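Given next are the chains, with one letter for each unit.
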Amino acid sequence: MGTPLETPEAQTEELIHRLHEKYPDTTISLTFSSRLELLIAVILSAQCTDERVNGTTAELFEKYDGAGAYAEVEQDELASDLDSITYFNNKAKYIRSACQDIIDHHDETVPDTMDELTDLAGVGRKTANVVLQHGHDIVEGIVVDTHVQRISRRLGVVDAERPEAIESELMEIVPEGEWQQFTHLLISHGRATCTAINPDCADCGLNELCPSSKLDSDIDLADGEEWWSLWESSYH
Ligand code: SF4
(Lines give C-alpha, C1' and ligand atoms only; values in the text may rest on other atoms or scores of the structure.)
Protein backbone atom coordinates (compact mmCIF):
# COMPACT_ATOMS: atom_id res chain seq x y z
CA MET A 1 0.00 0.00 0.00
CA GLY A 2 1.02 3.62 -0.27
CA THR A 3 2.76 4.80 2.86
CA PRO A 4 1.16 7.70 4.74
CA LEU A 5 3.46 10.24 6.35
CA GLU A 6 4.19 9.84 10.04
CA THR A 7 1.34 11.88 11.47
CA PRO A 8 -2.14 12.78 10.20
CA GLU A 9 -1.05 16.44 10.34
CA ALA A 10 1.96 15.81 8.07
CA GLN A 11 -0.11 13.60 5.74
CA THR A 12 -2.80 16.28 5.51
CA GLU A 13 -0.34 19.09 4.90
CA GLU A 14 1.31 17.19 2.07
CA LEU A 15 -1.92 16.18 0.36
CA ILE A 16 -3.25 19.75 0.59
CA HIS A 17 -0.03 20.99 -1.02
CA ARG A 18 -0.29 18.49 -3.88
CA LEU A 19 -3.99 19.07 -4.46
CA HIS A 20 -3.48 22.85 -4.58
CA GLU A 21 -0.98 22.30 -7.38
CA LYS A 22 -3.41 20.04 -9.23
CA TYR A 23 -6.58 22.12 -8.71
CA PRO A 24 -5.33 25.71 -8.19
CA ASP A 25 -8.65 27.48 -8.85
CA THR A 26 -11.17 25.12 -7.37
CA THR A 27 -14.22 26.65 -5.69
CA ILE A 28 -17.93 26.09 -5.18
CA SER A 29 -19.64 24.95 -8.38
CA LEU A 30 -23.21 25.94 -7.49
CA THR A 31 -24.53 29.02 -9.30
CA PHE A 32 -26.09 31.81 -7.20
CA SER A 33 -26.23 35.58 -6.98
CA SER A 34 -27.53 36.14 -3.43
CA ARG A 35 -27.40 34.48 -0.01
CA LEU A 36 -30.96 33.23 -0.40
CA GLU A 37 -30.16 31.68 -3.79
CA LEU A 38 -27.10 30.05 -2.23
CA LEU A 39 -29.18 28.62 0.62
CA ILE A 40 -31.75 27.23 -1.80
CA ALA A 41 -29.12 25.78 -4.13
CA VAL A 42 -27.36 24.03 -1.23
CA ILE A 43 -30.65 22.58 0.09
CA LEU A 44 -31.34 21.26 -3.42
CA SER A 45 -27.84 19.80 -3.77
CA ALA A 46 -28.27 17.18 -1.03
CA GLN A 47 -27.83 13.81 -2.77
CA CYS A 48 -28.05 15.52 -6.15
CA THR A 49 -25.34 16.70 -8.53
CA ASP A 50 -24.40 20.39 -8.67
CA GLU A 51 -24.81 20.21 -12.44
CA ARG A 52 -28.43 19.15 -12.13
CA VAL A 53 -29.10 21.76 -9.44
CA ASN A 54 -27.63 24.52 -11.63
CA GLY A 55 -29.80 23.35 -14.54
CA THR A 56 -32.91 23.73 -12.37
CA THR A 57 -32.03 26.93 -10.53
CA ALA A 58 -31.34 28.81 -13.78
CA GLU A 59 -35.13 28.97 -14.28
CA LEU A 60 -36.10 28.82 -10.62
CA PHE A 61 -34.20 31.97 -9.70
CA GLU A 62 -35.81 33.80 -12.64
CA LYS A 63 -39.28 32.83 -11.48
CA TYR A 64 -38.96 33.46 -7.72
CA ASP A 65 -37.57 36.67 -6.29
CA GLY A 66 -37.04 36.77 -2.52
CA ALA A 67 -38.11 34.68 0.44
CA GLY A 68 -41.74 35.84 0.17
CA ALA A 69 -42.15 34.31 -3.28
CA TYR A 70 -41.08 30.87 -2.02
CA ALA A 71 -43.11 31.13 1.19
CA GLU A 72 -46.29 32.03 -0.70
CA VAL A 73 -46.18 29.58 -3.60
CA GLU A 74 -48.31 26.42 -3.34
CA GLN A 75 -46.41 23.26 -2.45
CA ASP A 76 -47.48 21.48 -5.65
CA GLU A 77 -46.28 24.28 -7.88
CA LEU A 78 -42.85 24.54 -6.27
CA ALA A 79 -42.47 20.75 -6.24
CA SER A 80 -43.30 20.70 -9.94
CA ASP A 81 -40.63 23.35 -10.59
CA LEU A 82 -38.10 21.11 -8.82
CA ASP A 83 -39.14 17.76 -10.27
CA SER A 84 -35.76 16.98 -11.86
CA ILE A 85 -34.12 17.14 -8.41
CA THR A 86 -33.87 14.19 -6.03
CA TYR A 87 -36.43 14.29 -3.19
CA PHE A 88 -38.07 17.32 -4.80
CA ASN A 89 -41.25 17.10 -2.70
CA ASN A 90 -39.36 17.23 0.59
CA LYS A 91 -36.99 19.89 -0.67
CA ALA A 92 -39.93 22.06 -1.79
CA LYS A 93 -41.35 21.76 1.75
CA TYR A 94 -38.00 22.65 3.31
CA ILE A 95 -37.55 25.70 1.08
CA ARG A 96 -41.08 27.01 1.74
CA SER A 97 -40.68 26.50 5.49
CA ALA A 98 -37.16 27.97 5.65
CA CYS A 99 -38.27 31.04 3.71
CA GLN A 100 -41.26 31.54 6.01
CA ASP A 101 -38.89 31.39 9.01
CA ILE A 102 -36.54 33.87 7.36
CA ILE A 103 -39.49 36.26 6.94
CA ASP A 104 -40.92 35.69 10.42
CA HIS A 105 -37.72 35.65 12.48
CA HIS A 106 -34.81 37.10 10.48
CA ASP A 107 -36.03 40.29 8.77
CA GLU A 108 -36.06 38.50 5.42
CA THR A 109 -32.29 37.95 5.50
CA VAL A 110 -30.41 34.66 5.59
CA PRO A 111 -29.02 34.27 9.13
CA ASP A 112 -25.28 34.29 9.76
CA THR A 113 -24.89 31.95 12.71
CA MET A 114 -24.63 28.17 12.79
CA ASP A 115 -27.45 27.85 15.36
CA GLU A 116 -29.88 30.06 13.45
CA LEU A 117 -29.11 28.39 10.15
CA THR A 118 -29.48 24.85 11.47
CA ASP A 119 -32.86 25.82 12.95
CA LEU A 120 -34.14 26.32 9.40
CA ALA A 121 -35.94 23.42 7.71
CA GLY A 122 -33.67 21.26 5.57
CA VAL A 123 -30.48 22.84 6.90
CA GLY A 124 -27.91 20.66 8.67
CA ARG A 125 -24.38 21.52 9.65
CA LYS A 126 -22.99 20.83 6.17
CA THR A 127 -25.45 23.18 4.46
CA ALA A 128 -24.95 25.82 7.17
CA ASN A 129 -21.16 25.65 6.75
CA VAL A 130 -21.50 26.25 2.99
CA VAL A 131 -23.84 29.22 3.52
CA LEU A 132 -21.58 30.72 6.18
CA GLN A 133 -18.45 30.31 4.05
CA HIS A 134 -19.77 31.40 0.67
CA GLY A 135 -22.60 33.71 1.74
CA HIS A 136 -21.15 35.43 4.79
CA ASP A 137 -17.37 34.86 4.55
CA ILE A 138 -17.48 33.11 7.93
CA VAL A 139 -15.42 29.93 8.19
CA GLU A 140 -16.14 28.09 11.40
CA GLY A 141 -16.02 24.51 10.21
CA ILE A 142 -15.20 22.18 7.32
CA VAL A 143 -17.88 21.14 4.85
CA VAL A 144 -17.97 17.34 4.82
CA ASP A 145 -19.84 16.11 1.76
CA THR A 146 -19.71 12.63 0.29
CA HIS A 147 -16.34 13.26 -1.44
CA VAL A 148 -14.69 14.63 1.70
CA GLN A 149 -16.12 11.77 3.74
CA ARG A 150 -14.84 9.11 1.32
CA ILE A 151 -11.43 10.53 0.45
CA SER A 152 -10.43 11.60 3.97
CA ARG A 153 -10.96 8.01 5.08
CA ARG A 154 -9.23 6.54 2.02
CA LEU A 155 -6.17 8.65 2.69
CA GLY A 156 -6.05 7.54 6.30
CA VAL A 157 -6.30 11.01 7.83
CA VAL A 158 -9.52 10.31 9.78
CA ASP A 159 -11.05 7.24 11.43
CA ALA A 160 -14.57 8.54 12.07
CA GLU A 161 -17.43 7.41 9.86
CA ARG A 162 -20.16 10.02 10.35
CA PRO A 163 -19.81 13.44 8.69
CA GLU A 164 -19.96 15.50 11.89
CA ALA A 165 -17.36 13.31 13.60
CA ILE A 166 -15.17 13.47 10.48
CA GLU A 167 -15.48 17.26 10.54
CA SER A 168 -14.31 17.34 14.19
CA GLU A 169 -11.27 15.17 13.38
CA LEU A 170 -10.41 17.25 10.31
CA MET A 171 -10.61 20.50 12.29
CA GLU A 172 -7.85 19.11 14.52
CA ILE A 173 -5.44 18.41 11.66
CA VAL A 174 -6.27 20.75 8.75
CA PRO A 175 -4.72 24.23 9.20
CA GLU A 176 -7.55 26.69 9.86
CA GLY A 177 -6.61 28.82 6.85
CA GLU A 178 -7.31 25.78 4.63
CA TRP A 179 -10.68 24.77 6.08
CA GLN A 180 -12.68 26.19 3.19
CA GLN A 181 -10.39 25.12 0.34
CA PHE A 182 -9.86 21.65 1.79
CA THR A 183 -13.43 20.76 0.84
CA HIS A 184 -13.10 22.07 -2.71
CA LEU A 185 -9.77 20.31 -3.23
CA LEU A 186 -11.23 16.96 -2.19
CA ILE A 187 -14.40 17.48 -4.22
CA SER A 188 -12.31 18.23 -7.32
CA HIS A 189 -10.16 15.16 -6.69
CA GLY A 190 -13.25 13.04 -6.07
CA ARG A 191 -14.79 14.10 -9.36
CA ALA A 192 -11.61 13.86 -11.46
CA THR A 193 -9.74 10.86 -10.05
CA CYS A 194 -10.77 9.43 -6.67
CA THR A 195 -14.29 8.50 -7.72
CA ALA A 196 -16.51 6.40 -5.48
CA ILE A 197 -16.41 3.40 -7.83
CA ASN A 198 -13.12 2.47 -9.48
CA PRO A 199 -10.86 5.45 -8.68
CA ASP A 200 -7.94 5.97 -11.05
CA CYS A 201 -5.15 5.23 -8.56
CA ALA A 202 -2.55 4.75 -11.30
CA ASP A 203 -3.03 8.37 -12.39
CA CYS A 204 -3.36 9.82 -8.86
CA GLY A 205 -0.68 12.19 -7.59
CA LEU A 206 -1.33 10.97 -4.03
CA ASN A 207 -0.92 7.25 -4.64
CA GLU A 208 2.38 6.72 -2.85
CA LEU A 209 0.87 8.40 0.25
CA CYS A 210 -2.45 6.59 0.08
CA PRO A 211 -3.00 3.48 2.20
CA SER A 212 -6.03 2.59 0.05
CA SER A 213 -4.25 2.80 -3.31
CA LYS A 214 -5.47 -0.06 -5.51
CA LEU A 215 -1.93 -0.35 -6.89
CA ASP A 216 -0.90 -2.22 -3.77
CA SER A 217 -3.84 -2.43 -1.34
CA ASP A 218 -6.84 -4.77 -1.43
CA ILE A 219 -8.79 -2.62 1.05
CA ASP A 220 -10.67 0.62 0.46
CA LEU A 221 -10.42 2.38 3.83
CA ALA A 222 -13.46 4.48 2.93
CA ASP A 223 -15.59 1.55 4.07
CA GLY A 224 -13.00 -1.04 5.15
CA GLU A 225 -14.18 -3.42 2.42
CA GLU A 226 -12.12 -5.09 -0.30
CA TRP A 227 -12.09 -3.16 -3.57
CA TRP A 228 -13.63 -6.00 -5.54
CA SER A 229 -16.70 -6.05 -3.28
CA LEU A 230 -17.36 -2.41 -4.20
CA TRP A 231 -17.25 -3.21 -7.90
CA GLU A 232 -19.41 -6.29 -7.45
CA SER A 233 -22.08 -4.42 -5.49
CA SER A 234 -22.17 -1.68 -8.12
CA TYR A 235 -22.88 -4.15 -10.90
CA HIS A 236 -25.55 -6.28 -9.19
S1 SF4 B 1 -7.35 7.72 -6.41
FE2 SF4 B 1 -6.58 5.89 -5.34
S3 SF4 B 1 -4.51 6.48 -4.67
FE4 SF4 B 1 -5.62 8.38 -5.15
S5 SF4 B 1 -6.48 9.06 -3.21
FE6 SF4 B 1 -8.06 7.83 -4.27
S7 SF4 B 1 -7.82 5.73 -3.48
FE8 SF4 B 1 -5.94 6.89 -2.96
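To start, this report covers the structure provided alongside it. (Residues numbered from 1 in each chain as written. Predicted model: local features only at pLDDT ≥ 70, side-chain atom pairs only at ≥ 80, totals over all residues.)

What to know about the packing of helix 9 (residues 146-154) against helix 11 (residues 179-192)
Reasoning step 1: Between helix 9 and helix 11, whose axes approach to 8 Å, the crossing angle comes to 85°. By the angle between their directions, the pair helix 9 and helix 11 is classed as roughly perpendicular. Every residue of helix 11 that contacts helix 9 at His147, Val148, Arg150 and Ile151 is listed here: Thr183, Leu186, Ile187, His189 and Gly190.
Reasoning step 2: Considering only residue class, the contact of helix 9 with helix 11 consists of four nonpolar, four polar and one charged. (Axes fitted to C-alpha atoms, helices over the stretch in contact; angles between N-to-C directions. Helix = DSSP H or I, 4+ residues; strand = E, 2+ residues; numbered from the N terminus. Parallel < 35°, antiparallel > 145°, perpendicular 65-115°, else oblique. Contact = placed C-beta atoms within 7 Å. Nonpolar A, V, L, I, M, F, W, Y, C, P; charged D, E, K, R; others polar.)

Points about the nonpolar core
Reasoning step 1: Ranked by internal contacts, the top residues of the largest apolar core, which has 53 residues, are Leu39, Ile43, Ile95 and Val131.
Reasoning step 2: It is helix 2 (residues 35-44) that contributes the most residues to this core, eight residues altogether.
Reasoning step 3: Composition of this core by domain shows at least three residues from each of domain 1 (8-25 + 143-234) and domain 2 (35-136).
Reasoning step 4: Beyond its immediate chain neighbours, meaning those up to four positions away, Ile95 contacts Ile40, Ile43, Tyr70, Leu78 and Gly122. (Core = buried A, V, L, I, M, F, W, Y, C linked by C-beta atoms within 7 Å. Buried ≥ 20, exposed ≤ 12 C-beta atoms within 10 Å, placed from the backbone. Domains from an automatic or database assignment.)

Observations regarding unusual backbone geometry
Reasoning step 1: A positive phi angle is found at Asp107, which is not glycine, with a value near 50°.
Reasoning step 2: On the secondary structure map, Asp107 appears in the loop between helix 6 (88-105) and helix 7 (114-118).
Reasoning step 3: The phi angle at Asn198 is positive, at roughly 55°, despite the residue not being glycine.
Reasoning step 4: Locating Asn198 in the fold gives a position in the loop between helix 11 and strand 1 (219-220).

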